[in-house]
Amino acid sequence: MLPAPQFQAFNPPRRILMGPGPSDVYPEVLAAQARPTVGHLDPLFVGMMDELKSLIQYAFQTQNEMTMAVSAPGSAGMETCFVNLVEPGEKVIVCRNGVFGERMRQNVERVGAIAVVVDNEWGTPVDPAAVEVALKANPDAKFLAFVHAETSTGALSDAKTLCALAKQHGCLSIVDAVTSLGGVELRVDEWGIDAIYSGSQKCLSCVPGLSPVSFSPAAVEKLKNRKTPVQSWFLDQSLVMAYWSSAGGKRSYHHTAPVNALYALHESLRLLAAEGLEHAWQRHKEMHLVLRAGLEKLGLNFVVEEASRLPQLNAVFIPEGVDDASVRTRLLNDYNLEIGAGLGALAGKAWRIGLMGFGARRENVALCLRALEEVLS
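Let us look at the structure shown here.

Definitions and cut-offs
- Residues numbered from 1 in each chain as written.
- Predicted model: local features only at pLDDT ≥ 70, side-chain atom pairs only at ≥ 80, totals over all residues.
- Heavy atoms only, no water.
- Buried < 20%, exposed > 50% of the residue type's maximum accessible area, 1.4 Å probe, protein only.
- Helix = DSSP H or I, 4+ residues; strand = E, 2+ residues; numbered from the N terminus.
- Arc of directions from axis to C-beta.
- Contact = heavy atoms within 4.5 Å.
- Axes fitted to C-alpha atoms, helices over the stretch in contact; angles between N-to-C directions.
- Parallel < 35°, antiparallel > 145°, perpendicular 65-115°, else oblique.
- Left-handed = near helix turned anticlockwise from the far one by under 90°.
- Nonpolar A, V, L, I, M, F, W, Y, C, P; charged D, E, K, R; others polar.
- Pairing = 2+ DSSP bridges.
- Core = buried A, V, L, I, M, F, W, Y, C linked by side-chain atoms within 4.5 Å.
- Patch = residues over 30% accessible without salt bridge, like charges linked within 9 Å, V, L, I, M, F, W, Y side chains within 5 Å.
- Areas by Shrake-Rupley, 256 points an atom, 1.4 Å probe, with all protein chains shown as cover.
- Salt bridge = Lys/Arg side-chain N within 4 Å of Asp/Glu carboxyl O.
- Polar contact = N/O pair within 3.5 Å; in protein donor to acceptor, adjacent residues only side chain to side chain.
- Phe/Tyr/Trp six-rings, centres within 6.5 Å; stacked < 30°, edge-to-face > 60°.
- Lys NZ or Arg CZ within 6 Å of the ring centre and 35° of its normal.

**Details of helix α5 (residues 128-137)**
Argument step 1. Buried within α5 are the following residues: Val131, Ala134 and Leu135. Angularly, the buried residues of α5 cover 100° about the axis, an arc narrow enough to put them on a single face. Those residues of α5 that are exposed and angled more than 90 degrees off the buried face are Val133, Lys136 and Ala137.
Argument step 2. Its buried side turned inward, α5 meets β3 (91-96), β4 (114-119), β5 (143-147) and α6 (159-168).

This is how it looks when you write it as structure tokens:
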């Protein structure tokens, strides 16, 4: 028999999380996760799930019946949308202006479908004119997929216009809202979004590991009329929905839900509803403006032009001659402050500074600016 390993309890330091996610978690959310665990079919838990569904609908601004939280992170939310809706051989227009647009392309090809890629320069939003050209050139396309808030660059695309284009050309839209939900304007029903996914760990300031998703009636109809089975049993929404909603409150067992993590998501969305969506959007914008002024005084230049810039994800170029890793290491070790490195084409060239959810507050901005000034000087 192997000897029993002996370790101390893990007690991490209190970090200030100002990277691309996870974000600082609300104290109330951490406390909610510590509440007693009950069974995932307990009537009290089922009642909480009904409330959680309503809270997700509020955050997305939708009345879609098929709205829930996938028991896995935002990447699983992405896969949920693609494996449920896209069938082998179908054509998908995929907009790629960063890392996560590329992940969409990979999802399309993994289900055996055809990806028609519309590329945009990193740091720029998706160009609706280029998308329209692709839609006209591919009248047999079934879907338009794009990232609303590209986490790798900090660029915000015009979801309302892009979804309108999809509708005009008979396509369903699949939208990545991992970084946008709760941080910038997002209106699923009004904008005609068909399938959307997000993550718990960004502007919702919840613990990582859950992905809110929502499917429009048109998307549900597409799922019901599939010619082939959904390739993932776990992510098959026609099965999962029987756990999240069924007649008379009786739920069908599908999987053991992450009970305490769902407590946490319920609390984070309850706090968002108490603040009000529009107030949350405005708070993120105001804190961005304070951060922007300070970063510009330090001589740091933004990757994204102001008109398309995410308030909650600020990508700035690293000054010439400054070592990326050493600055981030000093911030972490000396100030307990985490900012993010660049991804993909921006690796080693940019920092990503998050202002998400509970983290979008003045004391965080002040600490970040002071620490950067001291380290860079």
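**Side note on the packing of helix α2 (residues 43-60) against helix α10 (residues 259-275)**
Argument step 1. Viewed as axis vectors pointing N to C, α2 and α10 meet at an angle of 45°, and their least axial separation amounts to 9 Å. Of the possible angle classes, the one that applies to α2 and α10 is oblique. As for the relative orientation of α2 and α10, their crossing is left-handed in sense. Here α2 contributes Phe45, Met48, Glu51, Leu52, Leu55, Ile56, Tyr58 and Ala59 to the contact with α10, which in turn contributes Val259, Leu262, Tyr263, Leu265, His266, Leu269, Arg270, Leu272 and Ala273.
Argument step 2. Split by residue class, the contact of α2 with α10 holds 14 nonpolar, one polar and two charged.

**Considering the environment of Pro36**
Argument step 1. By the element assignment, Pro36 lies in the loop between α1 (27-33) and α2.
Argument step 2. On the basis of relative accessibility, which here comes to 65%, the residue Pro36 falls in the exposed class.
Argument step 3. Along the primary structure Pro36 and Val230 are separated by 194 residues, whereas in three dimensions their C-alpha atoms are 35 Å apart.

**Examining the pairing of strand β14 (residues 350-354)**
Argument step 1. With five of five residues buried, β14 lies mostly within the body of the structure.
Argument step 2. Residues Ala350, Arg352 and Gly354 point to one face of β14 and Trp351 and Ile353 to the other, with burial holding for every one of them.
Argument step 3. Where strand β11 (residues 313-317) lies against β14, five bridges are found, and the strand directions are antiparallel. In the sheet register, Leu313 faces β14, and the bridge partner there is Gly354.
Argument step 4. Pairing between strand β13 (residues 340-341) and β14: two bridges, direction antiparallel. When the bridges of β14 are listed, Ala341 appears paired with Trp351.

**Remarks on the sheet that holds β5**
Argument step 1. Taken together, seven strands build an open sheet; the order of strands is β2-β10-β9-β8-β5-β3-β4 and the sheet is mixed. The sheet terminates laterally at β2 (66-70) and β4, the two strands that pair on one side only. Recorded for the sheet is a direction-independent mean angle of 15° between the axes of neighbouring strands.
Argument step 2. α2 rests against β2, β9 (195-197) and β10 (211-215) of the sheet, and its axis sits at about 105° to β2.

**With respect to the nonpolar core**
Argument step 1. Of all hydrophobic cores here, the largest spans 94 residues; its most connected members are Ile174 and Trp244.
Argument step 2. Sorting elements by how many residues they give to this core places α10 first, with nine residues.
Argument step 3. If we skip the residues at most four places from it in the chain, Trp244 touches Met49, Asp50, Leu52, Lys53, Met68, Ala69, Arg251 and Leu262.

**Looking at a nonpolar patch on the surface**
Argument step 1. A cluster of nonpolar side chains, Trp233, Phe234 and Leu239, forms an exposed patch at the surface whose accessible area comes to about 300 Å².
Argument step 2. The topology assignment puts Trp233 in the loop between α8 (217-224) and α9 (237-244).

**Description of the side chain of Asn120**
Argument step 1. Looking at the element boundaries, Asn120 is found in the loop between β4 and α5.
Argument step 2. Within the structure, Asn120 has its side chain in polar contact with the backbone nitrogen of Asp127 (distance 3.1 Å).
Argument step 3. Setting aside anything within four residues of it in sequence, one finds Asn120 in contact with Arg96, Asn97, Pro125, Val126 and Asp127.

**Some thoughts on the packing of aromatic side chains**
Argument step 1. Scanning the model with the defined rule gives two aromatic pairs in all.
Argument step 2. Judged by centre distance (5.0 Å) and plane angle (40°), the ring pair of Tyr26 and Phe358 falls under tilted. Of this pair, Tyr26 sits in the loop between β1 (16-17) and α1 while Phe358 sits in the loop between β14 and α13 (362-376); the two residues are 332 residues apart in sequence, bridging distant segments of the chain.
Argument step 3. Here Arg309 stacks its cationic end above the ring of Phe302, 4.0 Å away from the centre of that ring.

**Let's talk about the sheet that holds β14**
Argument step 1. If you walk across this open sheet you meet the three strands as β11-β14-β13, and the pairing is antiparallel. Looking at the sheet topology across the chains shown, the edges are occupied by β11 and β13.

**Notes on the pattern of salt bridges**
Side chains that differ in sign of charge can pair as their charged atoms come close.
Argument step 1. Going through the model one piece at a time under the given rule, you end up with 20 salt bridges.
Argument step 2. A salt bridge links Lys222 to Glu87, with the nearest nitrogen and oxygen atoms 3.6 Å apart. One end of the pair, Lys222, is in helix α8; the other, Glu87, is in the loop between α3 (74-85) and β3, and 135 residues separate them in sequence. Grouping residues by exposure puts Lys222 and Glu87 together as buried.
Argument step 3. Of the charged contacts, one joins Arg270 and Glu267 as a salt bridge, the two residues approaching to 2.7 Å between their closest N and O atoms. With Arg270 and Glu267 both in helix α10, this residue pair falls three residues apart, about one helical turn.
Argument step 4. Here the salt bridges do not stand alone but share partners, grouping Arg96, Glu102, Arg105, Glu109 and Asp119 into one network.

**Some thoughts on the packing of α3 against helix α4 (residues 99-110)**
Argument step 1. Viewed as axis vectors pointing N to C, α3 and α4 meet at an angle of 45°, and their least axial separation amounts to 10 Å. The angle between α3 and α4 places the two elements in the oblique class. As α3 packs across α4, the resulting crossing turns out to be right-handed. In this structure, α3 uses Ser75, Met78, Glu79 and Phe82 to contact α4, whose residues at the interface are Phe100, Arg103, Met104, Asn107 and Val108.

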